[in-house]
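Letter by letter, the chains look like this.
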Amino acid sequence: MAKILGICGSPRKGATLYALEAALEAAAAFPEIETELWSIRGKKIAPCVHCDRCIREKTMCHIQDDLQEIEAKVLEADALLIATPVYDMSITSQLAALLNRLRPMYLVYPGHLRNKVGGGIAVGGTRHGGQEMTLLALSNFFMMHEMLVTGGYGGCYTGGTIWSKDNRAHGAEEDTVGMDTVIRLGQAVAEATLVTSLGRQHTEQLLSSHGVLKASADPLRDH
């Protein structure tokens, strides 16, 4: 089984959670796919203070809070499907704190997220309310960790985009055009996850049998 982890970056229970649940339901209809949803709502995740202890000691963040719970889930997942409302043309501060503090993952677990799948959902109060800019922030996170980004089946472009009209889950449900992109994103993430999870296994065996070493995932090694 391949696992898709859905992360809801909204501090509320509303349109974003509704959209993410729909995407995960669409993904779970694929064979050999299992899904899990984790919400940032009610969690305590402090912001990164740039102490650089993670870099000096090559450890995950030393601040102890709810980050450790999601950290383990991210490591075991074959794909990440992250959903967030639009806050000032970008992701929520709560989600930013989470992603910032996952930064040392590339040092502690080099290459662990390489070639896994990432997909994003953005929910805005207006039709053109910063959804594409928000999805770009999520895509940047995926690419920083060497993941493969899918925007969804044809016409989705950069991910799922919802116009909620600030009417919470009911608003998302009424946006049939937006919900279509969310469903097709979930399906595309599921298909890509099957392809990459099977491909990674074969590739690792092939590289190992030929003695080929992967490039170091630690950009600090030459400094």
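These notes cover the structure that comes with them. Keep in mind it's a predicted model, so treat the numbers as computed, not measured.

What follows deals with the overall build of the chain. Counting its secondary structure elements, the chain contains eight helices and six strands. Traced from its N-terminal end to its C-terminal end, the chain shows the element sequence β-α-β-α-α-β-α-α-β-α-β-β-α-α. At 17 Å, the chain has a C-alpha radius of gyration in line with the 17 Å of a compact globule built from 223 residues. Projected onto its principal axes, the C-alpha coordinates of the chain cover approximately 55 × 40 × 25 Å. When each of the 223 residues of the chain is scored for burial, the buried share is 47%. Look at the contacts in the chain between residues 6 or more apart in sequence, and 79% of them connect residues 24 or more apart.

What follows covers helix α3 (residues 67–76). All buried positions along α3 are accounted for by Leu 67, Ile 70, Glu 71, Lys 73, Val 74 and Leu 75. Structurally, α3 contributes buried residues whose contacts are with β1 (2–8), β2 (33–39), β3 (79–85), α4 (93–101) and α5 (105–108).

Under the counting rule described, the total for this entry stands at nine salt bridges. Close ionic contact of Arg 101 with Asp 65 constitutes a salt bridge, the shortest N to O distance being 2.7 Å. Taken as a pair, Arg 101 in helix α4 and Asp 65 in the loop between α2 (53–57) and α3 lie far apart in primary sequence, 36 residues in all. Exposure class is identical for Arg 101 and Asp 65. Each is buried. Across the pair Asp 180 and Arg 184 runs a salt bridge whose closest N-O atoms are separated by 2.9 Å. Taken together, the positions of Asp 180 and Arg 184, both in helix α8 (residues 176–209) and four residues apart, correspond to about one turn of that helix. Looking at Asp 180, the relative accessible area reads 36%, which means it is partly exposed. Beyond isolated ion pairs, a larger network of salt bridges with shared partners links Lys 3, Glu 36, Lys 73 and Glu 76.

Within the structure shown, the criterion is met by two cavities of 30 Å³ or more. Computed from the structure, the largest cavity encloses a volume of approximately 130 Å³. Lining the largest cavity are 14 residues, with Cys 48, His 50, Cys 51, Cys 54 and Cys 61 sitting closest to its centre. Those elements that provide at least two residues to the lining of the largest cavity are α2 and α4. Looking at the lining of the largest cavity residue by residue, the classes come out as seven nonpolar, three polar and four charged. Size it by volume and the second largest cavity reaches roughly 40 Å³. Lining the second largest cavity we find Met 105, Tyr 106, Tyr 109, Gly 111, His 112, Leu 113, Arg 114, His 145 and Glu 146.

Bringing a positive patch on the surface into the picture now. There is a patch of like positive charges on the surface, built from Arg 12, Lys 13, Arg 41 and Arg 168. Positionally, Arg 168 belongs in helix α7 (residues 168–174). Residue Arg 168 is classed as partly exposed on the basis of its relative accessible area, which comes to 37%.

So, how was this worked out
- Residues numbered from 1 in each chain as written.
- Predicted model: local features only at pLDDT ≥ 70, side-chain atom pairs only at ≥ 80, totals over all residues.
- Heavy atoms only, no water.
- Helix = DSSP H or I, 4+ residues; strand = E, 2+ residues; numbered from the N terminus.
- Rg over C-alpha atoms; globule rule 2.2 N^0.38 Å.
- Buried < 20%, exposed > 50% of the residue type's maximum accessible area, 1.4 Å probe, protein only.
- Contact = heavy atoms within 4.5 Å.
- Salt bridge = Lys/Arg side-chain N within 4 Å of Asp/Glu carboxyl O.
- 1 Å grid on protein atoms, 1.4 Å probe; cavity = no way out; pocket = protein on both sides within 12 Å on 5 of 7 lines; lining within 4 Å.
- Points joined across faces, edges and corners; volume = space filled by probe spheres on them.
- Nonpolar A, V, L, I, M, F, W, Y, C, P; charged D, E, K, R; others polar.
- Patch = residues over 30% accessible without salt bridge, like charges linked within 9 Å, V, L, I, M, F, W, Y side chains within 5 Å.
- Areas by Shrake-Rupley, 256 points an atom, 1.4 Å probe, with all protein chains shown as cover.
- Lys, Arg positive; Asp, Glu negative; His and termini not counted.
- Charge placed at Lys NZ, Arg CZ, Asp CG, Glu CD.

Purely spatial values, then, with no claim about function.
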